[in-house]
Amino acid sequence: MSEEAKFRWIGTRVVRPDGVDKVTGRATYGADFALPDMLWGRVLRSPHAHARILSVDTSRALAHDGVEAVITSQDLPDIPSEEAFVGEQPTNFRELSHNVMARGKVLYHGHALAAVAATTPEIAASALDLIEVDYEVLPHVLDMPAAMAASAPSLHRDLEPAGFAAGATVPPNVSRRIELGHGEPDQGFAAADVVVEREFTTKPVHQGYIEPHACLVQANPDDDITIWSSSQGHFMVRAYTAKLLGIELSKVRAIPAEIGGGFGGKTTVYLEPLAAQLSRISGRPVKMVMSREEVFRATGPALGTRIRVKMGCKQDGRLTGAEAVLHYEAGAFPGSPVQAGAMTMFAPYELEHVRVTGYDVLVNKPKTAAYRAPGAPMGAFAVETVIDELAEKLEIDPIELRLRNAARKGTQAPFGPRYREIGCVETLEALRSHPHYTAPLGPNQGRGVALGFWFNAGMQSSAGLNVNEDGSVSVISGNPDIGGSRASLALMAAEEMGIDYEKVGAWIADTASIGFSDITGGSRVTFATGMAVVEAARDVKRQLCERAAAIWEVEPERVKWVEGEARLEGEPDREPLGLVDLAQRAARTGGPISGRASLTARGVGMAFGAHICDVEVDPETGRVEVIRYTAVQDAGRAIHPSYVEGQMQGGAAQGIGWALNEEYVYDEDGKMCNPSFLDYRMPVASDLPMIDTVIVEVPNPRHPYGVRGVGEVPIVPPIPAVVNAVHAATGVRYFDLPLSPPRVLAGIEAAADRGA
Amino acid sequence: MKRHVVATIDGEHAEFLCDDGQTLLDVLRDVLHRTGTKEGCGTGDCGACSVIVDGRLVCSCLMLAAEVEGREVETAISISNGDTLHPLQRRFLEDAALQCGVCTPGFLVAAKALLDRNLDPSESEVRFWLAGNLCRCTGYDKIVRSVLETAAELRGGTG
């Protein structure tokens, strides 16, 4: 506790700097911008899951009164294959271009193939009906066994599968094979007393951010382009738009709107390059806003998986070996998070023998996008369910079994390196000692636990810190604030400067006003951009000490910045100089005082979370109700505990939805049948209990304030926690998501039949 | 031909022209430029566009603009009294009951409609009343607590 006392602001629950705007409706999100003379853009989307585009005739649409521009892929440059240099998951600019606007073929129902700009949204919508497209419908593949069958139609004829040995037989539509691990799992299984092997499937689910994608773009005749849009990274928007249009990044300025949720889904672009091209052609600003149906049909969901897991364990609860084969749907273009799934699934455990093989499989569905700890929740579902079964068979408490195998400092991770300071054991111990774990349960109720891991990201960040003329401070960064990061950055700035939080303003600058910053993703902003803010503040403190030294006519080394003011060492009677004094004298001591930092953040602190879930299952209907939930997580150090708790609660809720309700339902033509919030059932307030949180703090020694990323790991444990709880309540093991009432009921009835 | 509509919006006299098929949400956002009311789905499933019309909570995406002729519309803007935040708004900030904030105006409008009727709701009543408002960030925990705390504050229970 003595450690906490040394902080004045870190760990306090202040009101966020952007709070008042957001509770009064003043905050401007992607769809809230407008310009005089603005046009409205709409996108024509494929009615087929797979088809060759034989011809597109836009002449009637273009002739329609009020239509100012119509584009197809012919109006965008055919760019070469090139790995993208920003973003979260590996992306290829050529594939990105073909996803934004189909070229030659449409690859999924909802794939964009033309766009119009018109004077009203209604005219734009009606003009879409006037575009005549001649398709040659092709056979499509919706699931991975079908996509990998020898006779399957290929989505991309020029696919060059990676990761296979020379001469190996590669099934169709597999873009990549990965393998990782160490030891010989077969040796481990031979030494085991119990071996469990199971296969799991999960369905595509959407990130479900409430704000649909939206942008406003103005192209000037000299080709300068200004973009207002909602994204998880306006530098990403700038790069992707410029690359897809074949222009220099310096010609594009991206201005971040407030973002209405992303969860990884806004780490790429769909609309901005189209709006930019429509604006270049029409000479007028173009606004584009997706409908919710478009969001479901055409933006990156987290796609389906098929996972086989085999684990062996000794009678004493020591795991002896682990093996998994992962198939992850990538959607219509390569790039599922199978690598992350493979790396994370066994990461919480010390394993002498572990091997994971993974395949990235193309199907005629939208291109997958990141979703909160991308790839990890599915792997954890499989592994944590098998662990639960091992614990049951060995009659060992499931938390105890995990503790006996928990990763510690020095444990070799399945993906190679040895862990540094991690809080896996501390998190599990806090879970075990929580009163929830021993609370009594009623009839038809069951309790499940699960553990989860996520790496967290570092990446590049920039920050500036300006001392204003009145002695207040403005913190400027390049990362959209998706859930309270302005507050955490301002808290770190106030702590570092030794001044009141209220004296600190926190602002997010556009791409022309701050150094490059990678996306808001990978749970990295409070960690990495926070690091940049601290460095910028230290830069400013050094300058402030120099100014004070100049005023006092002493060596700068004798001046120290303490509690928000410059003090002269060895002369306690000397009146200190505060920020107001030094700001007011700045003009005469060398000019404005401003600090900056641009860095690649090293020393990421990896994150562990562990959850307890209680459910009640209605044996008549199969309906599962979550009745109590507790999430425990190592945050390193919680800069603003309320927003750390918020991440834990939000991640848990998303995971519960994924476990129980959410899924993309396709008809046999490859059309999603439930593209609305009515039919794609995300949790509502009456579906959930309070979600209790316990923040564990094992500081990350390589961050100035000990921060670990907190945003993603909370979605990793919920699925297996829920599924294990349903097993405890019903005695039935479930291996396929979601645990919707019909599936749960079928399991209960099948078990009853077997029993009878 | 456009229709001429006169209504009271956030306590102010408002006049606008609209098409017969235009929703109240479209007029609020695109004609009157009152973008504090958000669109999340356009089908009445998310509650981000919640407004109060003559005391009744509605999704403005499901109401035709022409229907508000002569009526009183309250959006999130009029929850606060000038620069003074409504207790609900203050609690939402103090309790961190918002992350991205895009659902927040709708939640505030819906919660105010609840507290206008019932100053002593149970947790269950709050959860079912707010079940028409989707939030994907918070898991609802801090929202529900904020509404319960505000109700207690307004009853004079706690300060």
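All chains use their own residue numbering, which begins from 1 and follows the written sequence. For this description, chains carry letters from A and ligands carry numbers from 1, given in the order in which they are written. Since the coordinates come from a predicted model, pLDDT governs what is reported: local features require at least 70, and pairs of side-chain atoms require 80 or more to be given and counted, while whole-chain, interface and lining totals use all residues.

> Explanation requested: the overall build of chain B in the structure shown.
Looking only at helices and strands, chain B has 5 helices and 5 strands in total. We count a stretch as a helix when DSSP gives it H or I for four or more residues in a row; a strand needs E for two or more, and each element gets its number in order from the N terminus. Sequence-ordered secondary structure for chain B, helices as α and strands as β, is β-β-α-β-β-β-α-α-α-α. Within these notes, the globule rule equals 2.2 Å times the number of residues to the 0.38 power, and the radius of gyration is based on C-alpha atoms. Here the C-alpha atoms of chain B give a radius of gyration of 16 Å, agreeing with the 15 Å that 2.2 N^0.38 yields for 159 residues. Dimensions along the principal axes, computed over C-alpha positions, put chain B at roughly 55 × 30 × 25 Å.

> Is there a simple way to think about the overall build of chain A in this case?
Secondary structure assignment for chain A yields 21 helices and 26 strands. Its C-alpha atoms give chain A principal-axis dimensions of roughly 90 × 75 × 55 Å. Once C-beta atoms are placed from the backbone, each residue is buried if 20 or more other C-beta atoms lie within 10 Å of its own, exposed if 12 or fewer, and partly exposed for counts between those two. Relative to its 756 residues, chain A shows a buried fraction of 59%. We call two residues in contact if the C-beta atoms placed from their backbones are at most 7 Å apart. In chain A, the proportion of contacts linking residues at least 24 apart, taken out of those at least 6 apart, comes to 80%.

> Please clarify how the packing of helix α8 (residues 234–245) of chain A against helix α9 (residues 272–282) of chain A should be interpreted in this entry.
If you want to describe how two helices pack, look at the angle between their axes and the distance between the axes. Residues and elements named next belong to chain A. At a minimum axis separation of 9 Å, α8 and α9 run at an interaxial angle of 55 degrees. As summarised for this structure, α8 and α9 are arranged oblique, according to the angle between their axes. Seen from above, α8 lies across α9 with right-handed handedness. Contacts between α8 and α9 pair V237, Y240, T241, L244 and L245 from the former with E272, P273, A276 and Q277 from the latter. Of the residues assigned to the contact of α8 with α9, the class counts are 6 nonpolar, 2 polar and 1 charged. Throughout, an axis means a line fitted to C-alpha atoms (over the contacting stretch in the case of helices), and angles, computed between N-to-C directions, take values from 0 to 180 degrees. Each angle is binned into one of four classes, with values under 35 degrees roughly parallel, values over 145 roughly antiparallel, values of 65 to 115 roughly perpendicular, and all other values oblique. For any helix crossing, the convention is left-handed if the near helix is rotated counterclockwise from the far helix by under a right angle, and right-handed if that rotation is clockwise. When residue character is reported, Ala, Val, Leu, Ile, Met, Phe, Trp, Tyr, Cys and Pro are called nonpolar, Asp, Glu, Lys and Arg charged, and the others, Gly included, polar.

> Hey, could you run me through the confidence of the model for chain B in this one?
Residues with a pLDDT of 70 or more make up 98% of chain B, whose mean pLDDT is 96. We note a pTM of 0.97 for the whole complex and an ipTM of 0.97 for its interfaces. Residue-level confidence of the predictor is summarised by pLDDT, bounded by 0 at the bottom and 100 at the top.

> Sorry, what's going on with the domain arrangement of chain B here?
How big an interface is tends to be stated in terms of accessible area lost as the parts join. All names here are of chain B. Taken domain by domain, chain B consists of domain 1 (3–79) and domain 2 (87–155). Each domain's extent is set by a domain assignment, obtained either automatically or from a database. The straight-line distance from the C-alpha centre of domain 1 to that of domain 2 is 21 Å. Counting residues at the interface gives 15 residues for domain 1, matched by 14 residues for domain 2. Broken down by element, the side of domain 1 that touches domain 2 gets its largest block of residues, 3 residues, from strand β3 (residues 50–53).

> What am I meant to see in helix α3 (residues 104–117) of chain B here?
Across its 14 residues, α3(B) extends 20 Å between first and last C-alpha, which sits within 8% of the 20 Å expected from 1.5 Å per residue. Burial analysis of α3(B) places 10 of its 14 residues in the buried class, the great majority of the element. Against the buried residues of α3(B) lie α2 (19–23) of chain A together with β3, β4 (56–59), α2 (87–94), α4 (123–129) and α5 (141–155) of chain B. Here the expected length of a helix is defined as 1.5 Å per residue gap, with one fewer gap than residues.

> Which parts of the structure should I look at to understand the pairing of strand β13 (residues 305–313) of chain A?
Within a regular beta strand, the side chains point alternately toward one face of the sheet and then the other, so they alternate between its two faces. Residue and element names in this part refer to chain A. Along β13, 8 of the 9 residues are buried, which leaves the element largely enclosed by surrounding structure. Relative to β13, strand β8 (residues 194–202) is paired through 9 bridges, and the arrangement is antiparallel. Within the sheet, the bridge partner assigned to V196 lies in β13 and is M311. By the bridge criterion, 9 bridges tie β13 to strand β14 (residues 319–331) in an arrangement that is antiparallel. Bridge pairing in β14 links V309 to A324. A pair of strands is labelled paired if DSSP reports no fewer than 2 bridges between them.

> Explain the interface of chain A and chain B here, please?
Opposite the 44 residues of chain A that make contact, chain B presents 46 residues. Listed by contribution, the elements that provide at least two residues to the side of chain A that touches chain B are α2 and α19 (641–660) of chain A. Top element by residues in the side of chain A that touches chain B is α19(A). It accounts for 8 residues. Among the residues making up the side of chain A that touches chain B, the classes are represented as 21 nonpolar, 17 polar and 6 charged.

> What is the right way to look at the sheet that holds strand β17 (residues 460–467) of chain A in this model?
Strand pairing in a sheet takes place through backbone hydrogen bonds and is either antiparallel or parallel in direction. Residue and element names in this part refer to chain A. With respect to topology, 4 strands assemble into an open sheet ordered β19-β18-β17-β23, the strand pairing being mixed. With one partner strand each, in any of the chains shown, β19 (504–508) and β23 (594–600) form the two edges of the open sheet. Each strand of the sheet is rotated relative to its neighbour by a mean of 15 degrees, with strand direction disregarded. Two strands pair when backbone bridges link them, and strand β18 (residues 473–477) and β19 are joined in this way by 5 bridges, in the parallel orientation. Residue I476 lies in a different strand from β19, and its bridge partner there is W507.

> Where do I start with unusual backbone geometry in this structure?
Residue and element names in this part refer to chain A. Note that the residue after L737, namely P738, is joined by a cis bond; omega there is -10 degrees. Position of P738 among the secondary structure elements: in the loop between α20 (718–730) and α21 (741–755). For D223, which is not a glycine, the phi torsion comes out positive at approximately 75 degrees. Looking at the element boundaries, D223 is found in the loop between β9 (214–219) and β10 (225–229). Overall, the presence of 12 C-beta atoms within 10 Å leaves D223 in the exposed class.

> Got a minute to help me understand the domain arrangement of chain A in this structure?
Residues and elements named next belong to chain A. Per the domain assignment, the segments of chain A are domain 1 (2–26 + 458–600) and domain 2 (422–456 + 604–755). Look at where the C-alpha atoms of domain 1 and domain 2 centre, and you get two points 38 Å apart. Contacts between domain 1 and domain 2 engage 19 residues on the former and 22 residues on the latter. Broken down by secondary-structure element, the contributors of at least two residues to the side of domain 1 that touches domain 2 are α15 (485–497) and α16 (525–552). The biggest single contributor to the side of domain 1 that touches domain 2 is α16, with 5 residues.

> For this particular structure, what's the right way to read the pairing of strand β16 (residues 445–454) of chain A?
Residue and element names in this part refer to chain A. For β16, a buried count of 8 out of 10 residues is recorded, marking the element as mostly surrounded by other parts of the structure. Bridge count between β16 and strand β24 (residues 607–617): 10 bridges; the pairing is antiparallel. Across the sheet, the residue bridging to G452 is G609, located in β24.

> What should I look at first to understand the sheet that holds strand β22 (residues 577–578) of chain A in this one?
All names here are of chain A. The sheet built from 3 strands is open, its strands ordered β20-β21-β22 with antiparallel pairing. The open sheet terminates on both sides in strands that have one partner only, identified here as β20 (559–562) and β22. Looking at chain direction, strand β21 (residues 565–568) and β22 are connected through 2 bridges and run antiparallel. The residue bridging A566 from the neighbouring strand is L577, located in β22. The sheet contacts of α16 involve β20, β21 and β22, and relative to β20 the element is tilted by about 130 degrees.

> Looking at this structure, I do not really get the environment of A:G25. What am I missing?
Structurally, A:G25 is set in the loop between α2 and β1 (39–45). The class of A:G25 is buried, set by 26 C-beta atoms lying within 10 Å.

> What exactly am I supposed to notice about the packing of α3(B) against α5(B) here?
All names here are of chain B. As a packed pair, α3 and α5 sit with axes 11 Å apart at the nearest point and diverge in direction by 40 degrees. Considering the angle they form, α3 stands oblique to α5. Considering how the two elements wind past one another, α3 and α5 form a crossing that is right-handed. Contacts between α3 and α5 involve F107, A111 and L115 from the former and I143, V147, T150, A151 and L154 from the latter. A class-by-class count of the residues in the contact of α3 with α5 yields 7 nonpolar, 1 polar and no charged.

> Would you mind going over the environment of B:A7 with me for this structure?
Residues and elements named next belong to chain B. Tracing the sequence through the fold places A7 in strand β1 (residues 3–9). The class for A7 is buried, based on 20 C-beta atoms found within 10 Å. Spatially, the C-alpha atoms of A7 and E72 are 6.2 Å apart, while their sequence positions differ by 65 residues.

> What is the right way to read the environment of A:G265 from this model?
Residues and elements named next belong to chain A. Tracing the sequence through the fold places G265 in the loop between β11 (252–256) and α9. Sequence separation between G265 and A369 is 104 residues, and the spatial gap between their C-alpha atoms is 5.6 Å. The contacts of G265, once residues within four sequence positions are left out, are Q207, Y209, T299, G300, A369 and Y371.

> Got a minute to help me understand the nonpolar core in this structure?
If you look at soluble globular proteins, the nonpolar side chains tend to sit buried side by side. Buried Ala, Val, Leu, Ile, Met, Phe, Trp, Tyr and Cys residues form a nonpolar core when they are connected through C-beta atoms within 7 Å. Ranked by internal contacts, the top residues of the largest apolar core, which has 294 residues, are A:V475, A:A493, A:V533, A:V722 and A:V726. Here this core gets 13 residues from one element, more than from any other, and that element is α16(A).

> Would you mind going over α16(A) with me for this structure?
Every α-helical turn comprises 3.6 residues, leaving residues that sit three or four positions apart pointing alike. Residues and elements named next belong to chain A. Under the 1.5 Å per step criterion, the end-to-end length of α16 is 39 Å for 28 residues, consistent within 8% with the ideal 40 Å. Burial within α16 is extensive, with 20 of its 28 residues counted as buried. Two residues or fewer after α16 comes E553, characterised by a positive phi angle close to 55 degrees.

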